[in-house]
Amino acid sequence: MCVSSSPLISVITVCRNAAVDLCNTAASVLSQNYVPIEYIIIDGASTDDTAQQIERIREQCAQRGFALHTLSEPDQGIYDAMNKGVGLAKGEWICFMNAGDCFSQPDIVHQVFAENAFSDDCAVIYGNVWLHKSFGRVEMKPKPIDYLQQRMAFCHQACFVRRLQALSHPFDLHYRVAADYAFFYQLYHEGAHFVYRDLPIAIFESESGISSRQKNAVRCECARINGADQTIRWQLQHLGMKVSDFLKSLLNNIIPNGLRERVRQANYERLARRRLSQS
């Protein structure tokens with residue numbers, strides 16, 4: 001049995017003191033030509049002009065015919081805010097597009113849903129992502145889905161999750177930087193159905209986000225979630241990664257900025273080509 005070809009989509013943005021980024025993200029949501037969308041903004045009691053920007057967004061949503069739901073109050077971190085967003089959502093599917101991230105193009109939600117029906121057992125729809133780097137953008141395909149045994153196989157912003165799954169598996173606030181991985185890891189081990197769409201769904205700000213700035217913490221939490229941190233192999237690999245991170249930091253202080261950016265760009269482009277050849 002398949003679901004309706006035009007289900008209501010709940011797009012959730014969490015933010016705090018990120019008024020400019022919120023405006024950019026909201027603009028990408030409002031640009032979507034797929035009409036059954038509700039927009040949810042969860043603000044962590046910002047002290048900048050986020051409140052004023054939300055009122056402007058409210059007017060724009062009314063003009064577009066999108067429902068807007070907002071909440072502004074202190075929270076216990078990003079995953080607490082995301083849980084609040086899920087609690088407000090009414091859509092059949094949920095997409096987290098947090099402040100600073102954007103949909104890749106105005107018709108991408110339409111491409112994913114308007115002419116396609118997904119079986120009732122489909123829990124997650126995921127796709128490709130444009131990584132926004134200091135040197136430009138690189139389109140990245142996800143890793144094989146069984147990589148969820150180790151780490152995230154795809155970008156969270158480049159996926160849609162069925163709301164009922166999100167409600168029944170709230171983000172675990174014991175994890176500070178990898179609760180999203182814990183969510184997908186649990187779904188995977190419960191046998192949930194993941195569907196891949198070969199489409200660039202999101203543009204992900206991959207320089208300043210938590211997962212980019214705290215890579216070591218992400219590695220450690222992912223290992224705690226899947227139990228790898230108890231193995232000698234992982235502990236040795238983790239030590240090697242810490243040494244590697246230290247050496248990279250030293251090199252970054254020595255290598256001229258222009259050369260460093262060219263090397264980073266070449267490395268990401270090589271990784272993107274390898275993912276493409278594996279698909």
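1. Overview of a nonpolar patch on the surface
Move 1: Residues Leu-239, Val-243, Phe-246, Leu-247 and Leu-250 make up a contiguous nonpolar surface patch of roughly 470 Å² in combined accessible area.
Move 2: Following the sequence through the fold, Leu-247 ends up in helix H9 (residues 232-254).

2. Side note on unusual backbone geometry
Move 1: Here the phi dihedral of Asn-17 falls at roughly 50°; this positive angle occurs in a residue that is not glycine.
Move 2: Positionally, Asn-17 belongs in the loop between strand S1 (9-15) and helix H1 (19-30).
Move 3: The class of Asn-17 is partly exposed, set by a relative accessible area of 32%.
Move 4: The backbone phi angle of Ala-45 is positive, close to 60°, even though this residue is not glycine.

3. Focus: the packing of aromatic side chains
Move 1: Under the defined criterion, the tally for this structure stands at 15 aromatic pairs.
Move 2: The rings of Tyr-79, Phe-96, Tyr-126, Phe-154, Phe-171, Phe-183, Phe-184, Tyr-188, Phe-194 and Tyr-196 are connected pair by pair, giving a single aromatic cluster.

4. Side note on the nonpolar core
Move 1: Ile-9, Tyr-39, Phe-103, Phe-113 and Phe-160 are the most contacted members of the largest nonpolar core, which has 43 residues in total.
Move 2: If you tally residues by element for this core, the top one is strand S9 (residues 193-205), at five residues.
Move 3: Not counting chain neighbours up to four residues away, the residues in contact with Ile-9 comprise Tyr-34, Pro-36, Ile-37, Glu-38, Trp-93, Val-109, Phe-113 and Phe-160.
Move 4: Among the nonpolar cores identified, the runner-up in size contains 37 residues, and Tyr-79, Met-82, Ala-123 and Ile-225 belong to it.

Rules of the game
- Residues numbered from 1 in each chain as written.
- Predicted model: local features only at pLDDT ≥ 70, side-chain atom pairs only at ≥ 80, totals over all residues.
- Heavy atoms only, no water.
- Patch = residues over 30% accessible without salt bridge, like charges linked within 9 Å, V, L, I, M, F, W, Y side chains within 5 Å.
- Areas by Shrake-Rupley, 256 points an atom, 1.4 Å probe, with all protein chains shown as cover.
- Salt bridge = Lys/Arg side-chain N within 4 Å of Asp/Glu carboxyl O.
- Helix = DSSP H or I, 4+ residues; strand = E, 2+ residues; numbered from the N terminus.
- Buried < 20%, exposed > 50% of the residue type's maximum accessible area, 1.4 Å probe, protein only.
- Phe/Tyr/Trp six-rings, centres within 6.5 Å; stacked < 30°, edge-to-face > 60°.
- Core = buried A, V, L, I, M, F, W, Y, C linked by side-chain atoms within 4.5 Å.
- Contact = heavy atoms within 4.5 Å.

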